[in-house]
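One letter stands for each residue in the lines below.
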Amino acid sequence: MIDVQKVNKIYRNGKLELQALFDIDFRVEKEEFVSIMGASGSGKTTFLHILGCLDHATSGTYILDGVNVSEIKDTEYAKIRNQKIGFVFQAFNLLPKLTIVENVELPMMYAGIKPKERRERALDALIKVGLGNRIKHTPNEISGGQKQRVAIARALVNTPSIILADEPTGNLDSKSSVEIMNIFQGLNNEGVTIVMVTHEPDIAQYTKRKVVFRDGIIIEDALIANRRGV
Amino acid sequence: MNLKESITLGFKQLLSNKGRTFLTMLGMFIGVGAVIMILALGAGFKEYTKKFYSNIGLGAFQVSCKDQSPHLRLTPEDFEVIKSMPEIESFVGAIWESGTVYNRKGETRRVSLFGSEPEYTSTVEKLKLLSGRLYTEKDKEIAARVVVISDLHAKLIMGQTNYKNVLGKTVEVKIDEQTETFEIIGVYKSDMPSNTPQQFQENALGEYPMYTAITTMDIITKAGGNVSLAYGSIKMEYDQKEISSQVRLLLNRRHQQKDSYNVNTVADFIDFANNMLNMITLFISAVAGISLLVGGVGIMNIMLVTVKERTREIGVRKALGASNKVILRQFLIEALILTIIAGTIGMLLGYIGSVVVGGMYNIQAKLTIGMIAFSVGTSTAIGLLFGVYPAYQAARLDPVESLRYE
């Protein structure tokens, strides 16, 4: 599913150079549920951005779903993001002026799917995350936990190869956090591949495998013992 | 995301901030409005002058003295000589004088008296009689104190809308401190629309002369048979400009002058009016052009602010699969909706303005296809010109940084 080899990321700002990632090798198989951990500045978010095709690696290869995306131009990245990746963000990133169902329809809009099919698929995805009845509300009218569910529905709706979540429980209380992790586990059980960045160890316990970054390298990569929520 | 969806989204976006949208459009309302107003009025004015002068006849010309000194005045001999020119169809003298009358409420009103030959009134001016008769050769012979008044005079001075009732009545006109009494023998139709506001009709009273015989005016003004104003017409087969300048040379020679006469043909009048109009149009267009430029910069400024405000939204859209092209198109469409709507409203405002202003001066404003094309074209051009930079700024935003933007 994901095969990353010798990926480096160097930020240049004038004469200053900052290397965020050093020769990262990383593989994710289908139906895995991986948590990426590490202190801030460890390179975990940078790595997630590269996995999400929001950013290019400075060197190395990245093969996603059989496609060598490290050779693809920036202008074509939008299509990869649209078709192969579903994002879930810490700050939800729902568009406040759109209704919930319109937010979920967005990725399909950019995929060129017809309005009728869009609406049907958006409703299906919302039902899947337990939000079938508040579709005409705007994001400001629902709770944080509900917002994150809408975001998950939006991430699912184009049936991507992988869901990438960046601190999905970072803005949520512990009860909502558990709910969100239960939804992720449910999706994973249905065969959805998930990679999630978090800095909370007990949240990582819900996943199947834990990868720890420090100073731009992977220092730990192990299966989770005593998984929570199952 | 197809074009229709982009347009819908653009409208939604603009409607979500109505106040700002309106203010952004304001500069364009003024710019496009001003241009359309002057163009529509100009087109109406050209039509008006054309109709006005075609009533007189394109061969017509007017002779006037450059100053009022008595030795410049045209004598009966001058008339004989000019009339004998083979190119000249007709040539008559005229005396024009202004005076005042009292209307039925006792208020003073300015009027003008125009004395000429019977043939002038019937052939050159082509008066349309509503009742009564025109003055005749016989009236001229005896210098009869008779006048043909306009329907405006009948209505506003005599207080009669049944024009038969004013026939045989007298009107007293004060000219140079002296009061002259005339018998009304006819009423002619003015071209003033009947729905014109009363005040404009009152002000226009002096523009529609009371017609009488030249001999009558000769006695009243003590002109002694000489006149400083004459009208004629040149046979159509001859060159108007050339014959009119021959008349001017002839008069100067006969009065031992170098250049003391104005001989204006209808073609000269039309040229002059059109030149004047073109200059005014150019001037207003230049001012409006500056307004459009300023309006365009305002639009660019607002679009840049919008892009800044929506940085995060752009980041989210990009993360979800919006390509740079789609983002660019989205913002360009927003700018275009803004300018095209503003241009259309500006055009309508300009047209309404031209109809209102034109109504005051009895001119029928005209909106042509060309003007509509101009409005739409200019608006589109401004939208593209000033929208492309903000749209480009939006398109090239880095998704990672935009997602972090607060």
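In what follows, the structure referred to is the one given above.
First, a word on what this report is: a plain description of the structure on this page. What you see is a predicted model; the values in this text were computed from it and never measured.

A few points about the overall build of chain A
- Check the secondary structure of chain A and you find seven helices and 10 strands.
- Its C-alpha radius of gyration of 17 Å places chain A within 12% of the 17 Å reference for a compact globule of 230 residues.
- When the 230 residues of chain A are sorted by exposure, 46% land in the buried category.

A short note on the pairing of strand β6 (residues 85-88) of chain A
All names here are of chain A.
- Here β6 shows two buried faces, one formed by I85 and F87 and the other by G86 and V88.
- Examined bridge by bridge, β6 and strand β7 (residues 162-166) share four bridges and lie parallel to one another. When the bridges of β7 are listed, I85 appears paired with I162.

Quick look at the interface of chain A and chain B
- Listed by partner, the interface residues are 17 residues for chain A and 16 residues for chain B.
- Grouping the constituent residues of the side of chain A that touches chain B by class yields nine nonpolar, four polar and four charged.

Regarding the sheet that holds β7 of chain A
Residue and element names in this part refer to chain A.
- Here six strands make up an open sheet; going across it, the order is β6-β7-β8-β3-β9-β10 and the pairing mixed. Both outer strands of the open sheet, β6 and β10 (217-223), are each paired with one neighbouring strand and no more. Pairwise comparison of adjacent strand axes, ignoring direction, gives a mean angle of 20° for this sheet.

Digging into the nonpolar core
- The biggest cluster of nonpolar side chains holds 116 residues, and the ones touching the most others in it are I36, V104, A153, L164 and V195 of chain A together with I36 and A40 of chain B.
- Looking at this core, the element that brings in the most residues is helix α2 (residues 18-56) of chain B, giving 15 residues.
- Setting aside residues no more than four positions away along its own chain, V195 of chain A makes contact with V28, V34, I36, L51, I162 and L164 of chain A.
- Residues L74, V92, L152 and A213 of chain B belong to the second largest nonpolar core, which totals 51 residues.

A closer look at unusual backbone geometry
- Non-glycine residue D65 of chain A carries a positive phi angle of around 55°.
- Positive phi, normally seen in glycine, also occurs at K222 of chain B, with a value near 55°.
- You can see K222 of chain B is positioned in the loop between α8 (214-221) and β9 (229-234).

What counts, and at which threshold
Residues numbered from 1 in each chain as written. Chains lettered and ligands numbered in written order. Predicted model: local features only at pLDDT ≥ 70, side-chain atom pairs only at ≥ 80, totals over all residues. Helix = DSSP H or I, 4+ residues; strand = E, 2+ residues; numbered from the N terminus. Rg over C-alpha atoms; globule rule 2.2 N^0.38 Å. Buried ≥ 20, exposed ≤ 12 C-beta atoms within 10 Å, placed from the backbone. Pairing = 2+ DSSP bridges. Contact = placed C-beta atoms within 7 Å. Nonpolar A, V, L, I, M, F, W, Y, C, P; charged D, E, K, R; others polar. Axes fitted to C-alpha atoms, helices over the stretch in contact; angles between N-to-C directions. Core = buried A, V, L, I, M, F, W, Y, C linked by C-beta atoms within 7 Å.

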